[in-house]
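Structural overview for review
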Amino acid sequence: MKCPFCNHPETRVLESRDSAEALRRRRECQKCQKRFTTYERVEVQPLIIVKKNGKEEPFDRTKLRRGILLACEKRPIKLEKIEEIIDSIRRNLIGRKKTHVPSRVVGSLVMSKLKALDTVAYMRFASVYREFDNIKSFIAEASTLEKKKAEKGNQDNILVETK
Ligand SMILES: [Zn+2]
C-alpha cells in the first residue's frame with residue numbers, strides 16, 4: 001500500500017477493524033509518518049437490478065446516490081447520512097441472496113429510508129419513482145405526512161408538484 005501523501009511504498013498497519021461493510025485499516029507511512037485509513041471490501045456476486053421494462057443493469061452506487069441527492073437537494077441532510085442509507089440498502093439487497101432484484105425493491109427501500117428522514121425528500125423521491133397509483137393517493141399521502149409533521153411541531157413545508 002503506497003502512501004497517498006509521499007508515494008512511499010512502505011506503510012505500517014496500526015490497527016485493523018472488521019465491520020459488516022469492510023475491513024478498516026489504519027496505516028502509517030514509514031517515511032513521512034502521515035496516517036491514513038484504507039478499506040478492504042469483499043467483492044461479492046454482482047447484483048443485477050431489473051428495471052420495469054425488463055432491462056438489466058448492475059447495481060450502481062453512484063446512480064443511486066445521484067437519485068437520492070436529487071431528492072435531498074437543499075434539505076438539511078448530511079452527505080454521510082446519504083452514504084449510510086446507500087450502505088444499508090446495499091446490505092439489504094445482498095442479504096436477499098438473489099442476483100436479480102427488481103428496481104422497485106430498490107425504490108421502496110430508498111423511500112422507506114427517506115420517509116423516516118425527511119418528508120420533502122421522501123415526497124420528491126416518491127414522485128419520481130411513481131410509486132403512487134395516481135395523483136390523488138399521492139396528495140393524500142402528502143397531507144397525512146404533513147399532519148403528522150404538524151403534530152410534531154415541525155415547520156417543514158411539503159412541496160407537492162403536480163404535473
Ligand atoms: Zn508518506
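Preceding this section is the structure that the text describes.
For the structure given in this document, a descriptive report is provided here. (Residues numbered from 1 in each chain as written. Predicted model: local features only at pLDDT ≥ 70, side-chain atom pairs only at ≥ 80, totals over all residues.)

Right, let's talk about the overall build of the chain for a bit. Assigned secondary structure in the chain consists of five helices and six strands. Counted from the first residue to the last, the chain has its helices and strands arranged as β-β-β-β-β-α-α-β-α-α-α. Within the span of the chain, comprising 163 residues, buried residues form 15% of the whole. Partitioning the contacts of the chain with sequence separation of at least 6, the portion at a separation of at least 24 is 42%. (Helix = DSSP H or I, 4+ residues; strand = E, 2+ residues; numbered from the N terminus. Buried ≥ 20, exposed ≤ 12 C-beta atoms within 10 Å, placed from the backbone. Contact = placed C-beta atoms within 7 Å.)

Below, the discussion takes up the sheet that holds strand β6 (residues 100-102). By definition, the strands of a sheet pair up through backbone hydrogen bonds, in either a parallel or an antiparallel sense. Overall, mixed pairing links the three strands, which are arranged β5-β4-β6 in an open sheet. With one partner strand each, in any of the chains shown, β5 (56-58) and β6 form the two edges of the open sheet. Recorded for the sheet is a direction-independent mean angle of 35° between the axes of neighbouring strands. Running at roughly 60° to β6, helix α3 (residues 103-117) makes contact with β4 (48-50) and β6 of the sheet. (Pairing = 2+ DSSP bridges. Axes fitted to C-alpha atoms, helices over the stretch in contact; angles between N-to-C directions.)

Strand order in the open sheet made by the three strands is β1-β2-β3, with antiparallel pairing throughout. Looking at the sheet topology across the chains shown, the edges are occupied by β1 (11-18) and β3 (35-40). Between one strand and the next, the sheet's axes are offset by a mean angle of 25°, whatever the strand orientation. Bridge count for β1 against strand β2 (residues 23-29) is seven bridges, and the pairing is antiparallel. Paired with Val13 across the strands is Arg27, a residue of β2.

Moving on: unusual backbone geometry. Trans peptide bonds make up the majority, and among non-glycine residues the majority have a negative phi. Despite not being glycine, Lys74 has its phi angle at roughly 60°, a positive value. For Lys74, the position within the fold is in the loop between α1 (61-71) and α2 (79-95). Here Lys97, not a glycine, exhibits a phi torsion of approximately 55°, which is positive.

This part covers the packing of α1 against α2. The N-to-C vectors of α1 and α2 enclose an angle of 130°; their axes lie 10 Å apart at closest approach. If you check the angle between α1 and α2, you find them oblique. The crossing of α1 and α2 is right-handed. Side by side, α1 and α2 meet where Arg61, Leu64, Arg65, Ile68 and Leu69 of the first sit next to Ile82, Ile85 and Ile86 of the second. Taken together, the residues that form the contact of α1 with α2 break down as six nonpolar, no polar and two charged. (Parallel < 35°, antiparallel > 145°, perpendicular 65-115°, else oblique. Left-handed = near helix turned anticlockwise from the far one by under 90°. Nonpolar A, V, L, I, M, F, W, Y, C, P; charged D, E, K, R; others polar.)

Further remarks concern the nonpolar core. Soluble, globular proteins show a tendency: their nonpolar side chains are buried together. Ile68, Ala71, Val110, Leu114, Ala121, Tyr122 and Phe125 are the most contacted members of the largest nonpolar core, which has 18 residues in total. Those elements that place two or more of their residues in this core are α1, α2, α3 and α4 (119-129). Element by element, the count of residues in this core is highest for α4, at six residues. Not counting residues up to four positions away in its chain, the partners in contact with Ala121 are Ala71, Cys72, Arg75, Ile77 and Leu114. (Core = buried A, V, L, I, M, F, W, Y, C linked by C-beta atoms within 7 Å.)

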